[in-house]
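# Structural description and commentary
Here is how the chains run, residue by residue.
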Amino acid sequence: MEFKHESVLLDETIEQLAIVKNGIYVDGTLGGAGHSSAILDRLGDDGHLIGIDQDEEAIEAAKARLKNDSRVTVVKSNFKNIRQVLDGLGIDKVDGILLDLGVSSHQFDDPERGFSYREDAPLDMRMDTRQGLSAADIVNSYTEEELKRIIREYGEERYAGPIAANIVRTRESKEIQTTGELVDIIRNSMPEREKNKKGHPARKTFQALRIECNHELDVLKDSLDDMIDSLKMQGRLCIITFHSLEDRIVKQAFLKAENPCTCPPDFPVCVCGKKPLGKMRPHKPIGPSEEEVVRNKRARSAKLRVFIKEM
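## Comments concerning the overall build of the protein chain
Scanning the protein chain from N- to C-terminus turns up 14 helices and 7 strands. By the compact-globule yardstick of 19 Å for 311 residues, the protein chain fits well, its C-alpha radius of gyration being 21 Å. Taken over the C-alpha atoms alone, the protein chain extends approximately 60 × 60 × 40 Å along its principal axes. Long-range pairs, those at least 24 residues apart, make up 69% of the contacts in the protein chain with a sequence separation of at least 6. Summed over its atoms, the accessible surface of the protein chain is roughly 15,400 Å², and 46% of this surface lies on carbon and sulfur atoms. With 48 positive and 54 negative side-chain charges, the protein chain shows a separation of 5 Å between the mean positions of the two kinds.

## Details of the packing of aromatic side chains
What the rule picks out here adds up to 2 aromatic pairs. Centre to centre, the rings of Y117 and F206 are 5.6 Å apart; their planes meet at 85°, and the pair counts as edge-to-face. Of this pair, Y117 sits in the loop between α5 (105-109) and α6 (135-141) while F206 sits in helix α11 (residues 203-214), and the two are 89 residues apart along the sequence. Between F254 and F307, the ring centres sit 5.4 Å apart and the planes meet at 45°, which makes this aromatic pair tilted.

## Some points on the pattern of salt bridges
Pairing between side chains of opposite charge can happen when their charged atoms approach one another. This model, assessed by the stated rule, comprises 18 salt bridges. The partner of D69 in a salt bridge is R71, with the nearest N and O atoms 2.8 Å apart. With a relative accessible area of 16%, R71 lands in the buried category. Salt-bridge contacts for E258 lead to R281; the nearest nitrogen and oxygen are separated by 3.5 Å. Residue E258 is found in helix α13 (residues 244-258), and its partner R281 is found in the loop between β6 (278-280) and α14 (290-295); the two are separated by 23 residues along the sequence.

## Let's talk about the sheet that holds strand β1 (residues 24-27)
Within a sheet, each strand pairs with its neighbour through backbone hydrogen bonds, oriented either parallel or antiparallel. Pairing is mixed across the open sheet formed by 7 strands, whose spatial order is β3-β2-β1-β4-β5-β7-β6. Two strands close off the open sheet at either side, each with one partner strand: β3 (72-76) and β6. Sheet twist, expressed as the mean angle between neighbouring strand axes with direction ignored, is 15°. Where β1 and strand β4 (residues 94-100) come together, 3 bridges link them in parallel fashion. Across the sheet, V26 pairs through a bridge with I97, a residue of β4.

## A short note on the side chain of D53
Among the structural elements, D53 can be located in strand β2 (residues 48-53). The buried charged residue D53 lacks any salt bridge partner; its closest oppositely charged side chain belongs to R113, at an N-O distance of 7.8 Å. A polar contact of 3.3 Å, which involves the side chain of D53, links it to the backbone nitrogen of L30. Excluding residues that lie within four positions of it along the chain, D53 makes contacts with T29, L30, G31, A58, I59, V75, K76 and S77.

## Looking at the nonpolar core
Core analysis: the largest hydrophobic core is formed by 64 residues, its most contacted members being I50, I167, L182 and L237. Discounting chain neighbours no more than four positions away, the residues touching I167 are V139, L147, I151, I176, L182 and I185.

## A few points about a positive patch on the surface
A cluster of basic residues, K198, R203, K204, K297 and R300, forms a positive patch at the surface. Summarising the element assignment, R203 is placed in helix α11. On the basis of relative accessibility, which here comes to 37%, the residue R203 falls in the partly exposed class.

## Things to note about the pairing of β3
Relative to β3, β2 runs parallel, the two sharing 5 bridges. Its bridge partner lying in β3, I50 is registered against T73. One crossover worth recording links β2 to the parallel β3 by way of helix α3 (residues 56-66), and it is right-handed.

## Focus: a negative patch on the surface
On the surface, a cluster of negative charge is made up of D218, D222, D225 and D226. Along the chain, D218 turns up in helix α12 (residues 216-229). On the basis of relative accessible area, D218 is assigned to the partly exposed category, the value being 40%.

## Description of unusual backbone geometry
P282 follows R281 through a cis peptide bond whose omega is -10°. Inspection of the secondary structure puts P282 in the loop between β6 and α14. The residue H215 is not glycine, and still its phi comes out positive at about 50°. Residue class for H215 comes out partly exposed when judged on its relative accessible area of 40%. We note that Q234 has phi near 70°; this positive angle belongs to a residue other than glycine. Along the polypeptide, Q234 turns up in strand β5 (residues 231-241).

## Things to note about helix α8 (residues 160-171)
With 12 residues, α8 should cover 16 Å at 1.5 Å per step; its first-to-last C-alpha distance of 17 Å lies within 8% of that length. Contacts made by the buried residues of α8 are with α6, α7 (144-155), α9 (179-187) and α11.

## Observations regarding the pairing of β4
Of all 7 residues that make up β4, 7 are buried, and the element is covered over most of its length. Sheet analysis places β4 next to β5, joined by 6 bridges and oriented parallel. Within β5, the residue paired with I97 across the bridge is L237.

Reading the values: the criteria
Residues numbered from 1 in each chain as written. Predicted model: local features only at pLDDT ≥ 70, side-chain atom pairs only at ≥ 80, totals over all residues. Heavy atoms only, no water. Helix = DSSP H or I, 4+ residues; strand = E, 2+ residues; numbered from the N terminus. Rg over C-alpha atoms; globule rule 2.2 N^0.38 Å. Contact = heavy atoms within 4.5 Å. Areas by Shrake-Rupley, 256 points an atom, 1.4 Å probe, with all protein chains shown as cover. Lys, Arg positive; Asp, Glu negative; His and termini not counted. Charge placed at Lys NZ, Arg CZ, Asp CG, Glu CD. Phe/Tyr/Trp six-rings, centres within 6.5 Å; stacked < 30°, edge-to-face > 60°. Salt bridge = Lys/Arg side-chain N within 4 Å of Asp/Glu carboxyl O. Buried < 20%, exposed > 50% of the residue type's maximum accessible area, 1.4 Å probe, protein only. Pairing = 2+ DSSP bridges. Axes fitted to C-alpha atoms, helices over the stretch in contact; angles between N-to-C directions. Polar contact = N/O pair within 3.5 Å; in protein donor to acceptor, adjacent residues only side chain to side chain. Core = buried A, V, L, I, M, F, W, Y, C linked by side-chain atoms within 4.5 Å. Patch = residues over 30% accessible without salt bridge, like charges linked within 9 Å, V, L, I, M, F, W, Y side chains within 5 Å. Right-handed = clockwise from strand over helix to strand, strands pointing away. Expected span 1.5 Å × (residues − 1).

See the structure below:
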């Protein structure tokens, strides 16, 4: 299956990266190399781009698109390992880092990957197919309380309780193995009025399972300090998120780096010694244009936040 993905907020992200011709940049979510191609177009002969992805199909597609450009190094890894990747390449600091946290169109549209609630396929959802835990493992082994928690917290699904209860009830007689089986369970857990609302009724539960399966929020939380630390002075970290949980993590990390002081508010002067590392600019996230949303509906929930290193 051809790897397809339309890069979201492409022009806005490239503008915010403020690319210098001889700079070193990291695309931590290489995907189909849409953002990476635009970065390369602005790099000179001495520039360097490191592309990181854990999806083998994405890596092969990116290599083909980037045409073995000598300025590019592609690494199969997770962006949480950015410090390890840079150390392995003998690189201390970089001029910019990009993360696009969206699931690619290819991953959604390829039924065999098990991300889509619109096709009946094996219930998988692993970004890195080498990892052990799949979505099927989660729905068939987690307790009812655990399922309820992740569906409520990660999917922000108001019917998390009935969905979790029906998953457990169903698997007592037969393992849940396909996306279609899970969609039926979710539909049957909701009142009729909810099924007819805009948006697929399984969307939130599938989001929750995908986040849990790939440890997405923990990976993001654990990566941000290393990414800020890996920037040169005036280096920029640009992160595109697609739901409130991701955006909240990014915003809080950027604000903490902007004001890391831990002294009580009533202290007249700072005594903790923690200095600001930079600033989040602009303070409000950058969203897609109306034209982009019309062209690509998956862009409608995208938000871009930018941190500029100053220490």
